[in-house]
Structure formats: structure tokens, C-alpha cells
Amino acid sequence: MTMELDLVPAGLGHALEELPLVDHHVHGVSSHDLSRMAFEELITESDRPVPDWMTQFDSQLGFAILRHCAPVLGLEPFCTPEEYLARRARLGAGEVNRLLLGASGIGHFLVETGYRGEELLGPSGMAEAGGVPADEVVRLESVAEQVAASGCSAASFAERFGEALWERTRTARGLKTIAAYRCGLDFDPAPPSAEEVVAAAGRWLEGGGGRLTDPVLVRHLIWAGLERGLPLQFHIGLGDPEVDLRRASPLLLRGLIELAEPTGVPLLLLHCYPYQREAGFLAQAYPHVFFDVGLGVSYTGARSAAVVAESLEVAPFAKILFSSDAFGAAELHHLGALLWRRAMARVLGGFVAEEEWSLTQAVRVATMVGVENARRVYGLG
Amino acid sequence: MTMELDLVPAGLGHALEELPLVDHHVHGVSSHDLSRMAFEELITESDRPVPDWMTQFDSQLGFAILRHCAPVLGLEPFCTPEEYLARRARLGAGEVNRLLLGASGIGHFLVETGYRGEELLGPSGMAEAGGVPADEVVRLESVAEQVAASGCSAASFAERFGEALWERTRTARGLKTIAAYRCGLDFDPAPPSAEEVVAAAGRWLEGGGGRLTDPVLVRHLIWAGLERGLPLQFHIGLGDPEVDLRRASPLLLRGLIELAEPTGVPLLLLHCYPYQREAGFLAQAYPHVFFDVGLGVSYTGARSAAVVAESLEVAPFAKILFSSDAFGAAELHHLGALLWRRAMARVLGGFVAEEEWSLTQAVRVATMVGVENARRVYGLG
Amino acid sequence: MTMELDLVPAGLGHALEELPLVDHHVHGVSSHDLSRMAFEELITESDRPVPDWMTQFDSQLGFAILRHCAPVLGLEPFCTPEEYLARRARLGAGEVNRLLLGASGIGHFLVETGYRGEELLGPSGMAEAGGVPADEVVRLESVAEQVAASGCSAASFAERFGEALWERTRTARGLKTIAAYRCGLDFDPAPPSAEEVVAAAGRWLEGGGGRLTDPVLVRHLIWAGLERGLPLQFHIGLGDPEVDLRRASPLLLRGLIELAEPTGVPLLLLHCYPYQREAGFLAQAYPHVFFDVGLGVSYTGARSAAVVAESLEVAPFAKILFSSDAFGAAELHHLGALLWRRAMARVLGGFVAEEEWSLTQAVRVATMVGVENARRVYGLG
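What counts and what doesn't
- Residues numbered from 1 in each chain as written.
- Chains lettered and ligands numbered in written order.
- Predicted model: local features only at pLDDT ≥ 70, side-chain atom pairs only at ≥ 80, totals over all residues.
- Heavy atoms only, no water.
- Salt bridge = Lys/Arg side-chain N within 4 Å of Asp/Glu carboxyl O.
- Helix = DSSP H or I, 4+ residues; strand = E, 2+ residues; numbered from the N terminus.
- Buried < 20%, exposed > 50% of the residue type's maximum accessible area, 1.4 Å probe, protein only.
- Contact = heavy atoms within 4.5 Å.
- Pairing = 2+ DSSP bridges.
- Axes fitted to C-alpha atoms, helices over the stretch in contact; angles between N-to-C directions.
- Polar contact = N/O pair within 3.5 Å; in protein donor to acceptor, adjacent residues only side chain to side chain.
- Buried area = accessible area lost by both parts, 1.4 Å probe.
- Nonpolar A, V, L, I, M, F, W, Y, C, P; charged D, E, K, R; others polar.
- Least-squares fit on C-alpha atoms with pLDDT ≥ 70 in both.
- UniProt positions renumbered as here; feature names shortened; annotations may be inferred.
- Core = buried A, V, L, I, M, F, W, Y, C linked by side-chain atoms within 4.5 Å.

- In the nomenclature of an unreviewed UniProt entry, chain A corresponds to Amidohydrolase family protein from the organism Nonomuraea insulae.

As C-alpha cells, then:
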């Protein structure tokens, strides 16, 4: 299901290159210069030290950096990691960010600020570095942890969280939950009672607050988020070792999806790898379910067309979005967009070459997935 | 694993076009003219209203209709949905059915009559509309629900069901269970005791009968079906939102497969998407297990070659069948056959082009999967 | 993601053909002549008699034998099974083994001796038949069953097993567990207490020993193996019907992987089909996790490039190995190597043709996966 880009119909390739993508789930770039170790830690989901007998450059993502980011920094494709990092250091983080974000052609960032946000550019920094609009997506668990850190009783937690959520999301475009990391997606989907929330908050706060993992509280956050009414993103599938991938299947959300249906809140399943087909099924079955293959594109590099192709099976095309989930290194922002454009060109171009789709249909679907669906779901300009 | 059809060896393409497919699991077509809303509801597995910001024509299945069914109705490929529906309305349901069923080249229909059968053509109507033989596959749950509706005590349910099953299947070729919808496939595989059946029937009938979901009764139906001795079809995987896809994996049937092995009854796993590889494993492991990728072909359209290819991995070729699972709209009957032929041409043609298979082998496997395996399993002429 | 081999860059095809593969998980060949029935039983994972209405030659593996092994025995490709078996019988097992092992180009065998080892060539026999070095991988469950068979009390089992393990592995390169077959991978990952082991050994030995399935004992074996310190192989995924594929997902090992991490012992996930993407995730997340797609290559034949491609997605390239898992019939040894070389040529050649990878990168990754990673993990010359 792949083809050489030379063979992609010119109109489709051009249309894809020009799309002002809405990256509906992305993190900021780091404004610091990065050591080799720091850089390698940003190009893997592993949180373990890189063993001395290997380098993270020997991966699909690493090869994609040397292939596609090197030229943006003025190097030949397929340079060595050493050459790449030396050029990166010489240019400095600010210039590297400007070059790579600019080359990405992303037209709008929805920046999730809840993870190590203090180290990274926020929405306004991203807007400045990228020269395009940027809005915020607020992580529910971070708001709750800030409420706990600011001092809060068990009895007042729910109310304080509600206030804080409202306050933090005045201008936000969406919410995000990392329940998949914190307690797995096999939680009881029903909203917990007020008493259960007080009891769970008591246990959590007595332990000093901190990392929120209690499934009762996670459920409360999700239901408070649904009440807030902004589109709600779920981390699904592939992630760092904290995630138990078995408990990160989108199919586990079925109960919640059905209970949440009357709220009308769009639910957005992020990444989904390797569960993109399962996500597609949910997106066909439920009108308020959407998904992307975000992180599954950049991490699979030369194989990303296969992942994108699997996302284009049973879901209606109005239910599929683009995101990069890039974090820290601007290479990830650039590659998230570039690999997606190339994958879509190959996959949709293949459909056209095989005379299954018309060129017009291919261009329209690329535009829906890359731009229009996100604009509609998030109410962007 | 796809290729342009121009590149498929001519002998293979021709052989596939000519195959008088046995569609071993299909529903009837509707003899009524269909409104746009009714038509769109037939081209999705979702049972929710189509939101006003989308159309089901924007999907792989929708695009396949505009590409492949439009010419059968005398339109250009890639016409608009409006043009398509207007032409469909002008021709009328009878003519549309005749054209599309005729174009499908299906040689024998095994019609499952248990779902909304009153709205659709039955086996004799399908035989007439398609001009080919049609036999019946009887849905176990429907027979049980009819027994309940006709008035029946808990104590007599098992006997009454047994009589009704025998009566309803005098000329039937197979049985079908939708346990995956009704209680999930993670049920206790052993046959329930007579006492358990009476107790469960009592609970069900006290509640007025109706939709049968009790796993004890579902198990009883399955074991009664095994005793009846006709090939037994299982809905697996993809379906409408009633299915919990997590509980519709064929791997959950392992216990039942092993317990049923001594009966010698062929077990046929239908659709299986996205579990086609798991189904292939079961078909290799157990002599009495067979499978198809039915619904997974029409719903994936331009991607159906990928799904068919995954079905041709570890299962012996004598264990794979063709079905369309088409329902209501004759477009689904036509596309089930057409997309399968094209997918097989591309996949098997690819094996030949890569010099992994001979042309003779490819034609023989296509004939086994499309015609011969079903004839053997169901004892067709 | 496949291509005709004619289109693979010559340098890559040549490099792959010349690689002296380390087959890090393989069984011996049979030195006996094989009847048709015996041969067909070796080319399926099913342990059931082959039904009279089919032949195991009608499968991807069967077709691959007729395509690729026939020429090694001096026949035309795509001969009939009868011609193939007649030639095989005429040549005799010794010559067939010599020809096929020689043609495989495997440079080093790590022979797992724990399954029907008495019928097959051991490491020294394989070294002689193949003309290359061969070392042993010891199956934990077999050692324990031998301890029980030799007479052993419950109280002394743990000590006797520890001694036997040390004795049996003096020159071994690795250990293997078939927990997936014996109790499923959803066992409690913690080491059992000494008391639990005594109690479980008591139950087992009272029953006469024999096939070890008690999860407490399986856990004890695994933890004793981790203490022994040799690389530890796990059967994962596809296998004979004894395996419950649902309980053979590598994701179930997460708890054990995390508990075992401080030991520094490499954990090697074998085969993994259809869970190769899940295995890749674990190999990215955890530095001590490695995997291969062994059995998933030979059994998928013309589709093996698809399986290999999926293994090259999210895992760093230093974490992927080659194995054939061949057993009994030397055809499986030859095909394990040949199909892997062809699959890598097509997949990596495709990356090069699409200008995503350089030729140098492709050759380097092929060498890492085929040879170098295993040499490093097992400390081979």
C-alpha cells in the first residue's frame, strides 16, 4: 500500500504539501540547547537510560530525522548523528525551532500544556516560534494535581477542582486525560458519587497529593471535563513504559463512550497505535468519537504509510484527524507533519492509481483529515 | 501488497471474474425504494442517526458505491451521491436489485433470514432476483424468540425450541448465532444443564421474552445447534454498536471450539475484522474451524486487499471462505463480490508477480476460497 | 510494502544473501526419512490429523516449500507435492538435511533441545549437518520434568532443580520457557515463596510429575532462570493448539519485565505473531527486551514481508533478532532463512526505493538484525 512519491498524482502531492494542518494535539518545543543524551531521550518513548551498546538514532524515528530534518538544517540527507547534532548545536535551539516549525507547514497548534510544561514553550511561545495561531488544550490530571498542591481538603476537592478547571480553560479549545497512564482504561465508566470522590480525595491528599492515579478521581475528572463541555482527548495506545498497553485499548472505553453520548461532547482518541483499527470501528459506530494516529506516524517513520492506511478503513472520513503529539524536539513537529503528508500522498495516491478513488476525492479527504475536521470539532476560525 | 489491476496476470483476473461465488452468509435485499436517510443507514454499521455535518458517502464504502455501482446503473464512476440516489430512485428498487445482483456474478446465496427478515427478500425472492440458487441459513436466536413469542412455559422451552429448530431447518444449509452481540463470546463454553436452562428461560419469559441475551440460553441454543448438526456460523468482530468488539474476538471461542470438536460440526467464523489473523490461527489449529472476512471487505473498500491479504497468512487455503454479509441494499451484494474479486486479484497476482506462487496455484486458491470450500462444507451440488 | 526482488537495490540483495545468520532459536532436524503423513504434520502447528479433504501443502508454507525447496533438491519450482516427496524419499533424510541446511546460509545455530529432542539432531549433530557452529538453548520446563522423573521430593525440588539447571547449562547460550503453553502469560509475575514452591511441587509430584503446568512452578523456573543469568527466551503468540493465543500476548509479561529489569538478563520474545507490534512496543520501552518474528515468517510464506515490515516499526533496530524456530524438517530451516532474507530485501529495499532510507542504512540494519544483535546478546564470538 505504498508507492514512490514520484508516482503520486501531482495534484494530490501538491495539495498535501500546501495544507495548513491543524495539529490538534501537540506539546511545545524546548527553548534550551540539548545534549546528545537529552536529545536521544526525546526521540524515544522509553524513560530508561539509553544502553551504551545502542543509539536511539538507530530507529525509524532516528532515520527519519537524518533523512528529513537534516536538509532543513542545511545538511545532506543521511548524514551521521554526530554531524546532525553538531549542526543543531551550532545553530542553537531558537534557530532550530524556527527552521523546523516553519518547515512543518502546520497552520494551527492546539498545545497540550500539562506535561513538563515549564520546560517547553507554551501556546504563545509556539505561536511566535511557528508564526501561526496556537491555542491550549488543558490536561485534567495536571489541574487536579495543582489544586492538591495549592492546599485543599478532601471535602472541598470537587468544588475547588471545578473552579480551577473553569478558570484554567477560559480560552482553551479542549481537554485531555491520561487515564490510560494513570489507571488504565478498564475503569468503571459511571461518574463516581460525591461521597466516593470525597473519600478518594481524602486518601490521595493524606498521602500528600502528587501523582493522581486513583481511578475514582480519574473518573471524576473525566465527568467534570464532560460537564465543562470542551472536546475531550484521550491518550490511547503507545506511550512511555508507564502505560500498560493491554489496558490502553480504545475498546475499553465503550462503556464511557455510551454514557457520555448524551452530553454531545466530542471524544478524541489520540495515537491509538497499534489499535488504529479498533479506533476506526468506534469512530464508525459512535457519532461523537474521533481519532488520529498521531504518535504512531512519527515513531514508525518509513512505515508510517502502513499505519495511516489502517486508519483509513472503516471510519467515516469526517471522523479522522491529524496530530503530531510532538514534544520537546522540533524535529518531532516537523516529522509529524511531513511523514503524515507523505503517508497520505502514498496511501491516497495508491487508491487513485488503482482507480478506486478519484483525484478529487483524494484531495478532499486529505483536506478533511488534515484541516477541516479539526476546525469543525474545535470550532476554529 | 496491492497492485494495479492492469498488472494482474490476465489468466488470474479472468478466472476471478468468472467464478460463480458461493456467498455463504448474506441477507436479502430490500424490495422497497429507499430514501437518502434509509440508504445512508444501510451503508454504515452505526445505528445512530447520521449527524448533519457528515454523510456516510464519505467513507470507503461510500466511495466504492460511487466508483463501482454507479456504472452498473448507467452513470459515470465517481458521480455525486445526489446523482447516484436520483438514478437509483428513477430505476426503482426492483430494477436496481436485478442489475446489481446480476452484476455481482454470485452463483449461490446462503441467505441468513433472522434479522429484519420481514423487510427483505427471502431465499426464494433472492433466487428470483439474482437468477441463481438460494438456500437458507437460520439464526438460532430468532427461532428461540419466535418460540417465546408464540407462548411457551419455562419448563417446555428446551423441547419447544428443539422442535422449532428442527422444523425451521428442514431445508436449511446452516445455522447462525449472534452470541457476540447478545452476551459476548466470553461465555462458559460448556452446555448448560437442563435445570439451568429452565431457570434461565423462566427469567426470560417472565420478562416477556423478547431480545434473548441470557448467556445460559445462548449456550443452550449453540449446543442445540451443534446437535442439529448443520454448519454453524458465528458473528465475529466488526458489527453495529451493540457489539463490544473486545468481547467479539474469535480467540474467546477456544473453549467451545475444543468442546465442539467431537461433534464434527463445521464452525464458521464470519467477518472477523480486525481479528482476521486470530481467525487464521484457529483455522490452522482446528480442523473444524473455517472463516471469512465478509463484512471486512465491503466496509474497507479501497483497503480491502489489505484485509484479504491478512486472511491469507497462516490458515490452510481449504479453511477460508467468501461471503458478502450484504444486507438490504443490493450495492452491498455487488461490492462484496466485486471488491473480493479485485482484492484476490491484487493479492494473489502480487504473489505471482513476486514469483512466490505460480499462476496455476493462484487460480486454484481463488477457486477454493470463492466456490469449492463452501460447496464442500455446506454439501452444495 | 512489497516489491519484486528484481527491483531491490543490488547491494542490499547481495548483502542479505551473504549474511551468516545467527538463528537464535531453532530445533534440530530429524535424521529419519519421513512419510507423507509425518511430513505434513511437521508443516503445520496443528496437532490434529490432517483431514482427508485437504493437504497441508495447500498453505503458504506448503507453497513456499514447492517454490523454494524443490530447486534445492533438484526439482523445478512449483512441482507437485507428490513429486517433491518422492524426490525427498529418494535422496534420503541425510542428504536432504545436508542440502537444505547448507542452502540456508545460516552461520550459527542456537538449538533449543527441550521438545522431542530425542527424535532430532542435537547441537553437535546440527553443527555437523550444517557445517557451522551450534550451541544449546535449554528449556526450563524440560529440566524440571527430568528432575521429577529422576525421583525427587517436594522439599528438595527447588534445590535439585537449581543444581540440574546449572549442570545442564554449563555450555548453554540461553534458556527458554514455554509458560505461554503451560499456564498462559497472565501469571503473577513475582517470584513465589519457598513454601509455595514446596506445596506446588508436592501437588505435582504426587500426581506423578509429568507435564508441568502449575503456574507457581512455572514462575519458580523463570525466576531460577533469571538467577542463572543466561538470556531468557519466551514463546509468544502463534503455536500449536495447546496455546491459548489470547493468553500468549507479550503485553501480559509487563509485570515480569519490570520485576526482572534489575537482573539485567536479556528477555527475548519469540515469534510474537500476531502480536509483533506489541512486542515492538515493549522492545522500545524496556532496554532488556528483544524480539523476533521467527515462526511468523515461515508460516506466512508469500506474506512474510508484511509480518517482517510490522516488526520494523517502533522497536530500535538493536532490539530485533532473526530466528527460524524450524523443527524437524530441514525445509523449515531453509525457509526460515530464505523467506527472512527475501522479506528484508523487499521491506528495506522498499524504504530505499521510496528514498526514506539510504542503502547503507538498509545494509546495516539487515546485518544488525540478522547477525550482530544476536552475537552481542548471546556473547557469540
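**Comments concerning the pattern of salt bridges**
Moving on, step 1. All chains considered together, the criterion is met by 75 salt bridges over all chains.
Moving on, step 2. A salt bridge links Arg88 of chain B to Glu331 of chain B; the shortest N-O distance between them is 2.7 Å. With Arg88 of chain B in helix α4 (residues 81–91) and Glu331 of chain B in helix α16 (residues 330–353), the pair connects residues that are 243 residues apart, well separated along the chain.
Moving on, step 3. Note that Arg139 of chain C is salt-bridged to Glu112 of chain C, the shortest N-O span being 3.0 Å. With Arg139 of chain C in strand β3 (residues 134–139) and Glu112 of chain C in strand β2 (residues 106–112), this pair connects stretches of sequence that are 27 residues apart. Each of the two residues, Arg139 of chain C as well as Glu112 of chain C, counts as buried.

**Considerations on the environment of Ala179 of chain B**
Residues and elements named next belong to chain B.
Moving on, step 1. Locating Ala179 in the fold gives a position in helix α9 (residues 179–182).
Moving on, step 2. Taking C-alpha positions, Ala179 is 34 Å from Leu16, a pair spaced 163 residues apart along the chain.
Moving on, step 3. Discounting residues that sit within four places of it in the chain, Ala179 has contacts with Glu141, Gly184, Leu185, Phe187, Val218 and Ile222.

**Describing the sheet that holds strand β7 (residues 289–291) of chain C**
Either a parallel or an antiparallel arrangement is found when strands of a sheet pair, and the pairing is made through backbone hydrogen bonds.
Residues and elements named next belong to chain C.
Moving on, step 1. Taken together, 7 strands build an open sheet; the order of strands is β1-β2-β3-β4-β5-β6-β7 and the sheet is parallel. Strands at the two margins of the open sheet, each flanked by one partner only, are β1 (21–26) and β7. Ignoring strand direction, the axes of neighbouring strands in this sheet form an average angle of 25°.

**A word on the side chain of His25 of chain A**
All names here are of chain A.
Moving on, step 1. If you trace the backbone, His25 turns up in strand β1 (residues 21–26).
Moving on, step 2. A polar side-chain atom of His25 sits 3.4 Å from a polar atom in the side chain of Lys176.
Moving on, step 3. Residues contacting His25, with those up to four places away along its chain left out, are Leu110, Glu112, Lys176, Gln233, Leu270, His271, Ser323, Ser324 and Asp325.

**Topic: the interface of chain A and chain C**
Moving on, step 1. Taken together, the 44 residues of chain A in the interface contact 35 residues of chain C.
Moving on, step 2. Surface buried jointly by chain A and chain C totals about 3,500 Å² across both partners, of which 55% is contributed by carbon and sulfur atoms.
Moving on, step 3. Together, Trp53, Phe63 and Arg303 of chain A form the three largest contributors to the area buried by chain A at its contact with chain C, with a combined 20%.
Moving on, step 4. Counting the contacts that link chain A with chain C gives 6 salt bridges.
Moving on, step 5. Notably, a salt bridge pairs Arg303 of chain A with Glu313 of chain C, separated by 2.8 Å at the nearest N-O pair.
Moving on, step 6. Of all the elements in the fold, those that place two or more residues in the side of chain A that touches chain C are α3 (60–69), α15 (304–311) and α16 (330–353) of chain A.
Moving on, step 7. The dominant element in the side of chain A that touches chain C, judged by the number of residues it contributes, is α3 of chain A, at 5 residues.
Moving on, step 8. Across the side of chain A that touches chain C, the residue classes break down as 21 nonpolar, 10 polar and 13 charged.

**Describing the relation of the copies chain C and chain B**
Moving on, step 1. Taken as rigid bodies, chain C and chain B are interconverted by a rotation of 120° and an axial shift of 0.0 Å, the fit giving an RMSD of 0.0 Å. Such values leave the two copies arranged in the relation of a three-fold axis.
Moving on, step 2. An overlap of only 5% is found between the interface residues of chain C and their copies at the interface of chain B, pointing to separate contact surfaces.

**Observations concerning the UniProt feature "domain: Amidohydrolase-related" (unreviewed entry) in chain A**
Moving on, step 1. Per the UniProt record, the feature "domain: Amidohydrolase-related" (unreviewed entry) sits at residues 192–380 of chain A.
Moving on, step 2. Structurally, residues 192–380 of chain A comprises 53% helix and 7% strand, and the distance from its first C-alpha atom to its last is 33 Å.

**So, the nonpolar core**
Moving on, step 1. One finds Tyr84 of chain A, Tyr84 of chain B together with Tyr84 of chain C to be the most contacted residues of the largest nonpolar core, which totals 440 residues.
Moving on, step 2. Look past the residues within four positions of Tyr84 of chain B in its chain and what remains in contact with it is Phe39, Ile65, Leu66, Cys69, Ala70, Leu73, Leu75, Cys79, Leu100 and Glu331 of chain B.

**Let's talk about helix α13 (residues 276–285) of chain B**
Moving on, step 1. Of all 10 residues in α13 of chain B, 10 are buried; the element is thus mostly enclosed.
Moving on, step 2. Considered for burial, the residues of α13 of chain B that qualify are Gln276, Arg277, Glu278, Ala279, Gly280, Phe281, Leu282, Ala283, Gln284 and Ala285 of chain B.

**Let's talk about the sheet that holds strand β4 (residues 174–177) of chain A**
Residues and elements named next belong to chain A.
Moving on, step 1. With respect to topology, 7 strands assemble into an open sheet ordered β1-β2-β3-β4-β5-β6-β7, the strand pairing being parallel. Lying at the two open borders of the sheet, with one neighbouring strand each, are β1 and β7 (289–291). Along the sheet, successive strands turn relative to each other by an average axial angle of 25°, direction set aside.
Moving on, step 2. Direction of pairing for β4 relative to strand β5 (residues 232–236): parallel, over a ladder of 3 bridges. By the bridge assignment, Leu175 is partnered in β5 with Leu232.
Moving on, step 3. Helix α17 (residues 359–378) contacts β1, β2 (106–112), β4, β5, β6 (267–271) and β7 of the sheet and is inclined by roughly 60° relative to β1.

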